[in-house]
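Reading the structure
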Amino acid sequence: MKKKQQEDKALTLKDALGEDLLKKLKETKKELEEQEQKQKAEAEQKKREERKKREKNKSFEELLKESDLDWRNFK
């Protein structure tokens, strides 16, 4: 009985699933990771475009308030 239990413990998930299924799972994982990276890149690009658009549409007053320049330094 002890030998059988040891053999069962030695059986890994890789052995139980088979090579074909394991290969498909790895491919699926890789595809999902690539999709996630692509989505992150797209979201980052969209944020950059929105930031540029907001910056472009700011009024002079808003730009002046955000500026750290002080007119007293240029007298």
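These notes cover the structure that comes with them. Everything quoted here is computed from the prediction, not taken from an experiment.

1. Notes on the pattern of salt bridges
Under the criterion given, the structure shown has five salt bridges. Put simply, Glu-44 and Arg-48 hold a salt bridge, and the shortest N to O gap is 2.8 Å. Of this pair, Glu-44 and Arg-48 both sit in helix α3 (residues 19-56), separated by four residues, roughly a single helical turn. In this structure Arg-48 comes out as partly exposed when scored by relative accessible area, which is 34%. The salt bridge partner of Lys-58 is Glu-55, with a shortest N-O separation of 3.5 Å. What makes Lys-58 partly exposed here is its relative accessible area of 22%. Glu-55 sits in the partly exposed class, given a relative accessible area of 40%. Each of the salt bridges in this network shares a partner with another, and the network as a whole consists of Glu-55, Lys-58 and Glu-66.

Cut-offs and rules
- Residues numbered from 1 in each chain as written.
- Predicted model: local features only at pLDDT ≥ 70, side-chain atom pairs only at ≥ 80, totals over all residues.
- Heavy atoms only, no water.
- Salt bridge = Lys/Arg side-chain N within 4 Å of Asp/Glu carboxyl O.
- Helix = DSSP H or I, 4+ residues; strand = E, 2+ residues; numbered from the N terminus.
- Buried < 20%, exposed > 50% of the residue type's maximum accessible area, 1.4 Å probe, protein only.

Function cannot be inferred from these measures alone, as they are strictly geometric.
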